[in-house]
Protein chains: 2
Amino acid sequence: MAFATLKNRSSLYSRLGFSRALASLSIGTDLVSSAPEIALQRARTWDEGVSSKFSTTPLKDIFKGKKVVVFGLPGAYTGVCSAQHVPSYKSNVDKFKAKGIDSLVCVAVNDPYVLNGWAEKLQAKDAIEFYGDFDGSFHKSFGLTMDLSGALLGERSTRWSAYVEDGKVKAVNIEKVPSEFKVSGAELATPMYGQLLSRLKMELSSQARPKSGTPIFSSFTCSLCHVLTQLATLYDSC
Amino acid sequence: MAFATLKNRSSLYSRLGFSRALASLSIGTDLVSSAPEIALQRARTWDEGVSSKFSTTPLKDIFKGKKVVVFGLPGAYTGVCSAQHVPSYKSNVDKFKAKGIDSLVCVAVNDPYVLNGWAEKLQAKDAIEFYGDFDGSFHKSFGLTMDLSGALLGERSTRWSAYVEDGKVKAVNIEKVPSEFKVSGAELATPMYGQLLSRLKMELSSQARPKSGTPIFSSFTCSLCHVLTQLATLYDSC
């Protein structure tokens, strides 16, 4: 699938009238303590599911004591997810490991058997841990679901990524619409970029200095251009 | 996957405490007129979904003026569905065509992109029309859903089959638990067997003659043995 074609679809969801739920996942959120009852389902074949007695994985087992880059997406076998989002992380797995990241985690509102079939087709199981959120409880808990019935999907996850240390969110990036792929890819998911981008967002949204911490940029004419320039500079030196 | 292993799992769902919803799909149900607002989603790739503007297919387009054998199952990439249910129909497609069946239809509470990926993996797309019921509205309308959260699936279809002429159900077979594969396979889905089995069920459940129509068997000692004997005899001559 050509990326140009995908770009032409970027406003697909917004044209369909979808609106994103108010995101409650933010810097500082503790994924483990704020949702102790939530568990995900490691991707596996049906036979493995039966053998495991349909076991689930609590969030503490995924995040506690680890440095994790996690990304969520609307669904297995959909366009941007298959052609860009997963490949973006798969092809950068060595860079993440070199930076001390313990695991790359992909979550979606799919059952673990579907997710396993898709991960195998993408040949991404060795690089990424895939977890199903079959009832959407994880994404609902953190305000990350949206109604994608217009695309024949139902209630799913929006497209997002986060950098998480010992369960605590250090950076989070959520696409405005899930057909876009601007901020949730691997390039902006490393700790440095993630934290920088989150700080920039905070500064841009407040149109002034943030209440705490030192502002990254004290003045600029075109905010977006300035952000992109800074990111490009940092990207070269990182 | 060995069939012996599958058989050992046949009480899996019942052991998990699932109960089947009361089925309202029965002989005489008109699928078209009783659910005019319901549409299914033909299995397709995401790109085809976008090209089709996420079109759906009303039930009249699937059933009206046609002889259709339709079967439903708990989900793509699950055990019995992949190893037995779909293969059963796929391998008998020529027999169905020879008997004047216009189409074989498989439905599941999955989105059409997942269903397409699974159908391609099973190499069954040429033989069977796959339709998603992404929000479960079709199966809910006919009392065919059940909670399979214990198997990490959520609300899904039970396992069933029906023979439908011009939208009207002529025979229907629903498994007691979806992990079983006793009555919903291709062998019992032809018009003759389907109608016979439905009549037998009616007679056995009433423990007497049905209120209308001629009973198939007027007396027998062991009901189940007698049914199986009759079916075996008819199977040879059909």
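Just so we're clear, the structure is a prediction, and the values are computed from it rather than from any experiment. (Residues numbered from 1 in each chain as written. Chains lettered and ligands numbered in written order. Predicted model: local features only at pLDDT ≥ 70, side-chain atom pairs only at ≥ 80, totals over all residues. Heavy atoms only, no water.)

Draft legend 1. Broad picture of the overall build of chain A. Broken down by element type, chain A carries eleven helices and nine strands. Looking at the 238 residues of chain A, the share that counts as buried comes to 53%. Look at the contacts in chain A between residues 6 or more apart in sequence, and 68% of them connect residues 24 or more apart. For chain A, the computed accessible surface area is about 10,500 Å², with 52% contributed by carbon and sulfur atoms. (Helix = DSSP H or I, 4+ residues; strand = E, 2+ residues; numbered from the N terminus. Buried < 20%, exposed > 50% of the residue type's maximum accessible area, 1.4 Å probe, protein only. Contact = heavy atoms within 4.5 Å. Areas by Shrake-Rupley, 256 points an atom, 1.4 Å probe, with all protein chains shown as cover.)

Draft legend 2. Geometry of the relation of the copies chain B and chain A. Overlaying chain B on chain A yields an RMSD of 0.0 Å, the required transformation being a rotation through 180 degrees with an accompanying axial translation of 0.0 Å. When the rotation and shift are considered jointly, the pair of chain copies conforms to a two-fold rotation axis. Across chain B, the rotation axis passes nearest the C-alpha of V114 of chain B, at a separation of 3.6 Å. Interface overlap between copies: 100% of the residues of chain B at the interface are likewise at the interface in chain A, consistent with a symmetric, same-surface contact. (Least-squares fit on C-alpha atoms with pLDDT ≥ 70 in both.)

Draft legend 3. Structural view of the interface of chain B and chain A. Contacts between the two partners involve 33 residues from chain B, matched on the other side by 33 residues from chain A. The junction of chain B with chain A conceals about 2,500 Å² of combined surface from both sides, 68% of it contributed by carbon and sulfur atoms. Taken as a group, W46, Y77 and L152 of chain B account for 30% of the area that chain B buries against chain A, more than any other trio of residues on that side. R156 of chain A serves as the salt-bridge partner of D111 of chain B, at 2.8 Å between the closest nitrogen and oxygen. Remark: the boundary between chain B and chain A carries five residue pairs in polar contact (both at pLDDT 80 or more). Mapped by element, the contributors of at least two residues to the side of chain B that touches chain A are α2 (12-15), α3 (46-51) and α7 (112-121) of chain B. Its residues assigned to classes, the side of chain B that touches chain A shows 16 nonpolar, ten polar and seven charged. (Buried area = accessible area lost by both parts, 1.4 Å probe. Salt bridge = Lys/Arg side-chain N within 4 Å of Asp/Glu carboxyl O. Polar contact = N/O pair within 3.5 Å; in protein donor to acceptor, adjacent residues only side chain to side chain. Nonpolar A, V, L, I, M, F, W, Y, C, P; charged D, E, K, R; others polar.)

Draft legend 4. Inspection of the nonpolar core at higher detail. Membership of the largest hydrophobic core comes to 73 residues, with the highest contact counts inside it found for W118, I128 and F130 of chain A together with V86, W118, I128 and F130 of chain B. Not counting residues up to four positions away in its chain, the partners in contact with I128 of chain B are F71, V86, Y89, K90, L104, V105 and C106 of chain B. (Core = buried A, V, L, I, M, F, W, Y, C linked by side-chain atoms within 4.5 Å.)

Draft legend 5. Main features of the UniProt feature "active site" (unreviewed entry) in chain A. As annotated by UniProt and renumbered to match this structure, "active site" (unreviewed entry) occupies C81 of chain A. Residues contacting C81 of chain A, with those up to four places away along its chain left out, are L73, P74, G75, V86, P87, W118 and R159 of chain A. (UniProt positions renumbered as here; feature names shortened; annotations may be inferred.)

Draft legend 6. Molecular detail of the sheet that holds strand β4 (residues 103-108) of chain B. All names here are of chain B. If you trace the seven strands from one edge of the open sheet to the other, you get β2-β1-β5-β4-β3-β8-β9, paired in mixed fashion. The open sheet is flanked by β2 (57-58) and β9 (168-174), the only strands paired with a single partner. Here strand β3 (residues 67-73) pairs with β4 via six bridges, running parallel. Residue pairing across strands places V70 opposite V105, the latter belonging to β4. Its contacts with the sheet put helix α5 (residues 79-90) on β3, β4, β5 (129-132) and β8 (160-165), and the angle it makes with β3 is roughly 180 degrees. On top of the sheet, α7 reaches β1 (39-42), β3, β4 and β5; it is set at about 150 degrees to β5, its chief contact. (Pairing = 2+ DSSP bridges. Axes fitted to C-alpha atoms, helices over the stretch in contact; angles between N-to-C directions.)

Draft legend 7. Quick look at the confidence of the model for chain A. Residues and elements named next belong to chain A. Model confidence for chain A is summarised by a mean pLDDT of 79, while 69% of its residues fall at 70 or above. Counting interchain partners and residues more than four positions distant, the pLDDT-below-50 stretch residues 13-23 has 29 contacts. Note that residues 207-223 has pLDDT below 50 and, in this model, 21 contacts with residues that lie over four places away or in other chains. Taken together, the chains of this predicted complex give a pTM of 0.77 and an interface ipTM of 0.77. (pLDDT = per-residue confidence, 0-100.)

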